[in-house]
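Remarks on the overall topology
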Amino acid sequence: MEFFIPNTQQTIFEEEIKKSRFITYIRHTEGLEQAKAFWAEIKTLHSQARHHCWACVAGSPDDSQQYGFSDDGEPSGTAGKPMLNHLQGSGLGEISAVVVRYYGGILLGTGGLVKAYGNGVQQALQQVEKKRKVLRESYRLQCEYDQFHSLQNLFNEQDITIIEQEFTEKINLIIGLNPSHLSQVKNLLTQRFSGKLTLNKVE
């Protein structure tokens, strides 16, 4: 499986709406623990702010177990949910947004808040560079020394990574590959090495 994640260290977008200051932070976070730590860090950084609303898609984009959001004192549904909607709409995974609000004394109303929080995330997302992440599975593979160069060529073609390698009488490898490529890789191994090499999944 593969999906895109932020390749930018951190993205910040700031705007003022009716004297309230909104600062949006977006960062790559792998898992809910990192997402919550990011929120706590921004909360500490802006300890004088009235609200610190957040949302995250902390795993793959379709893993709802890794979603999270908080209105942090704003009326229910006016901050965290619209922020999450924009994160989901981006198609990115492992991403969190925190919007800090310094209250300026003028009420925005529920519609105004939804627009303010959602727009902050939308604008910040436009600045985010992305990169592809492949969720790989690990397999063991043993080969002869004279087969290794041909194997490396195959690995390059199929975007396979070598996780571990041990050079003894033979070469023992643990490789990481995209599970959706497994049947194709098995077929290529059979064709190029006359069925002499076999993949064994690391459990």
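Residues numbered from 1 in each chain as written. Predicted model: local features only at pLDDT ≥ 70, side-chain atom pairs only at ≥ 80, totals over all residues. Heavy atoms only, no water.

1. Brief notes about the pattern of salt bridges
Inspection of the entire model under this criterion finds eleven salt bridges. A salt bridge links Arg132 to Asp159, with the shortest nitrogen-to-oxygen separation between them at 3.4 Å. Of this pair, Arg132 sits in strand S7 (residues 130–134) while Asp159 sits in the loop between helix H4 (148–157) and strand S9 (161–167), placing them 27 residues apart in sequence. With relative accessibility at 44%, the residue Arg132 sits in the partly exposed group. Across the salt bridge formed by Glu157 and Arg192, the nearest N and O atoms sit 2.8 Å from each other. Remark: Arg192 occurs in helix H5 (residues 182–192) and Glu157 occurs in helix H4; sequence separation between them is 35 residues. Sharing partners across several salt bridges, the network here consists of Glu2, Arg132, Arg136 and Asp159. (Salt bridge = Lys/Arg side-chain N within 4 Å of Asp/Glu carboxyl O. Helix = DSSP H or I, 4+ residues; strand = E, 2+ residues; numbered from the N terminus. Buried < 20%, exposed > 50% of the residue type's maximum accessible area, 1.4 Å probe, protein only.)

2. Remarks on the nonpolar core
Core analysis: the biggest nonpolar cluster contains 22 residues, and Ile26, Met83, Leu87, Ile95, Tyr117, Val121 and Leu125 have the highest contact counts within it. Of all the elements in the fold, those that place two or more residues in this core are strand S3 (20–28), strand S4 (51–57), helix H2 (80–90), strand S6 (95–102) and helix H3 (109–125). The element that contributes the greatest number of residues to this core is H3, accounting for six residues. (Core = buried A, V, L, I, M, F, W, Y, C linked by side-chain atoms within 4.5 Å.)

3. What to know about the packing of aromatic side chains
The description of an aromatic ring pair uses the distance of the two centres, along with the angle that the planes make with each other. In total, this model carries four aromatic pairs according to the counting rule given. On the basis of an interplanar angle of 40 degrees and a centroid distance of 6.2 Å, the ring pair of Tyr145 and Phe167 is categorised as tilted. Of this pair, Tyr145 sits in the loop between strand S8 (137–143) and H4 while Phe167 sits in strand S9, and the two are 22 residues apart along the sequence. With a relative accessible area of 43%, Tyr145 lands in the partly exposed category. We classify Phe167 as partly exposed; its relative accessible area is 44%. Members of the aromatic cluster, each reached through a chain of ring pairs, are Tyr145, Phe148 and Phe167. (Phe/Tyr/Trp six-rings, centres within 6.5 Å; stacked < 30°, edge-to-face > 60°.)

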